[in-house]
Amino acid sequence: MRCKAFNIIFILAVILCGVTTNNLSAQSPYDVDNTSGKYVDMSKPILITMKFEETDPNEALCEYCRFDGQGRIIEYGCLTGQFDYESYVRMFKIHYSGKKIDSIRWKEVLCGYASDKKDLIFKKGISFYDQFSDKETGYYRDTDKEAKGLDPKSIASMRAYAESKDDILERQFGRLYDFSCIKKWDKEKKDNLGFLTYTEIKEGYDEEYEIYKISYLYPADYTKLSISLQKRTIFDEEIYESEYDYVVYEKYLHTDTDPRKGK
C-alpha cells in the first residue's frame, strides 16, 4: 500500500515538474530585465540617447539593444536619415528557431515618435518594436528570412547588419554618437582605472574636416559624453564652418556574470 502511494506521489511530481519546465521554456524573452544585475558590461550598450544641452528636455533616441535570457539580441534599433530628410529609428525584431535566427522583421519609425516612447524599451513583458503599429509613424520593410553571417549575441554584428541596408545611418555622419570604431585618438587621457576621461580627433581631408573633443563622466551605471564638434565643409566653392555642443548618454547591459572576469 505504501509502495502504491509512493508511486502515485512520484507520478504527480513528474507531471508537475513537466508543467514547470514547459512554463519556463515558454517564458517570454521580454520578461528578462536588461537593466538589473550585479555587473555592468560596458562592451554592450543597450541604450544611447542624445541631448543638445544637459538641461534640454528633448532626449533623442539614437540606439537600443535588448537581450533575452540566453544573451541573444531580440530587438535592436538605430538612428537613420540624411541632412535633407527627417530622422527615423530603424528597428529590428529577431525571431529564433532553436539556436538559429529564423527571420528578422524590420521597419522605420520617425525619431520623434520613438523618442517619446523610449521609456518602454526595457519594460518587462512587452516588445518595443510592437508599440508602433500605425503606418503613419514610419514605413515597413520586407521580412528578412535569409539573414546570414549575423552573430545573435554581438551588437557590432547587429550594427553591421543595419548598415548593410539601403539608407545612410545617422551615426556615420553629422553629429556622431558612437565612437567605438575609433581605435586611435589624436589625444587622449585616462584615469587610474584605465577609463577615458578626454579624447580628441580630427577627421577629414584637405580643407574639409571635423574635430571632435569629448569629455567623459561615469556616474552610476552609465557614461556621459560631453561633445564639442567643429565642422568645416565646402559647397559650391563656399566654405562653411559650424560648431555644435551636445551630450550623449550610454547605458549598458546589466548581468550577473562579471564581464571583466575579476580583472
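The residue numbers shown here count from 1 along each chain, following its written sequence. The predicted origin of the model limits local features to residues at a pLDDT of at least 70 and limits the giving and counting of side-chain atom pairs to 80 or more, whereas totals for whole chains, interfaces and linings rest on all residues. With hydrogens and water set aside, each side-chain value is computed from the structure's full complement of heavy atoms.

### Quick look at the overall build of the protein
- Numbering of helices and strands starts at the N terminus; helices are DSSP runs of H or I of at least 4 residues and strands are runs of E of at least 2. Summing up its helical and strand segments, the protein has 3 helices and 11 strands in all.
- Starting at the N terminus and walking to the C terminus, you meet the elements of the protein as α-β-β-β-β-β-α-β-α-β-β-β-β-β.
- Taking all 263 residues of the protein together, the buried fraction comes to 40%.
- Taking all contacts inside the protein whose residues are at least 6 apart in sequence as the whole, residues at least 24 apart take part in 54%.
- Where accessible areas are quoted, they stem from the Shrake-Rupley method and a 1.4 Å probe; at the residue level, only the protein chains shown are allowed to cover. Summed over its atoms, the accessible surface of the protein is roughly 16300 Å², and 51% of this surface lies on carbon and sulfur atoms. The rule is simple: take the accessible area with a 1.4 Å probe, protein chains only, and divide by the maximum for that residue type; under 20% is buried, over 50% is exposed, in between is partly exposed. Contacts are assigned to residue pairs with any non-hydrogen atoms lying within 4.5 Å of each other.

### Describing the pattern of salt bridges
- Salt bridge, as used here: a side-chain nitrogen of Lys or Arg that lies within 4 Å of a carboxyl oxygen of Asp or Glu. Per the stated rule, a full pass over the model turns up 12 salt bridges.
- The partner of Arg72 in a salt bridge is Asp68, and the shortest N-O contact between them spans 3.0 Å. Taken as a pair, Arg72 and Asp68 share a single burial class, namely buried.
- Across the pair Glu108 and Arg90 runs a salt bridge, and its minimum N-O distance is 2.7 Å. Of the two residues, Glu108 sits in strand β5 (residues 100–110) while Arg90 sits in strand β4 (residues 88–97), which places them 18 residues apart along the sequence.
- Overall, Arg90 belongs to the buried group, its relative accessible area being 0%.
- Overlapping salt bridges bring together Glu63, Arg159 and Asp178 as one network.

### Comments concerning the confidence of the model for the protein
- For every residue, the predictor states its confidence as a pLDDT score lying anywhere from 0 to 100. Overall, the prediction assigns the protein a mean pLDDT of 84, with 83% of residues at 70 or greater.
- Across the protein, the secondary-structure element scoring lowest on mean pLDDT is helix α1 (residues 2–25), at 45, and the one scoring highest is strand β7 (residues 187–190), at 97.
- The low-confidence segment residues 2–6 (pLDDT under 50) makes 0 contacts with residues lying over four places distant or belonging to another chain.

### Examining the nonpolar core
- In these notes, a set of buried Ala, Val, Leu, Ile, Met, Phe, Trp, Tyr and Cys residues joined through side-chain atoms within 4.5 Å is what counts as a nonpolar core. In terms of nonpolar packing, the biggest core is built from 52 residues, with Met91 and Phe179 touching the most fellow members.
- Aside from chain neighbours lying at most four places away, what touches Phe179 is Trp185, Tyr212, Ile214, Leu225, Ile227 and Tyr246.

### A closer look at the sheet that holds β7
- Sheet architecture is open: 11 strands sit in the order β6-β5-β4-β3-β2-β1-β11-β10-β9-β8-β7, paired in antiparallel fashion. Each edge of the sheet is formed by a strand with only one pairing partner; in this case those strands are β6 (138–140) and β7. In this sheet, adjacent strand axes meet at a mean angle of 20° when their direction is disregarded.
- Bridge analysis of strand β1 (residues 39–51) against strand β2 (residues 60–67) gives 4 bridges, and the strand direction is antiparallel. Considered in β2, the bridge of Met50 is made with Ala60.
- Here helix α3 (residues 155–163) sits on the sheet in contact with β1, β2, β3 (73–80), β4 and β5, set at roughly 50° to β3. Strands were regarded as paired on the criterion that DSSP finds at least two bridges between them. Axis geometry follows a simple rule: fit a line to the C-alpha atoms, using only the stretch in contact for helices, then measure angles between N-to-C directions, giving values from 0 to 180 degrees.

### Thoughts on the side chain of Glu63
- Within the fold, Glu63 resides in strand β2.
- Separated by 2.6 Å, the side chains of Glu63 and Tyr76 make a polar contact.
- Polar contacts here mean pairs of N or O atoms no more than 3.5 Å apart (in protein, one a potential hydrogen donor and the other a potential acceptor; neighbouring residues in sequence count only if both atoms are side-chain atoms). At 2.7 Å, the side chain of Glu63 and the side chain of Arg159 are in polar contact.

### Quick word on the state of the cysteines
- Disulfides are defined as cysteine sulfur pairs within 2.5 Å. Overall, the coordinates contain 0 disulfides when judged by the stated rule.
- Here Cys111 is not disulfide-linked; the sulfur of Cys62 is the nearest cysteine sulfur, at 7.0 Å.
- Given the relative accessible area of 12%, Cys111 is considered buried.

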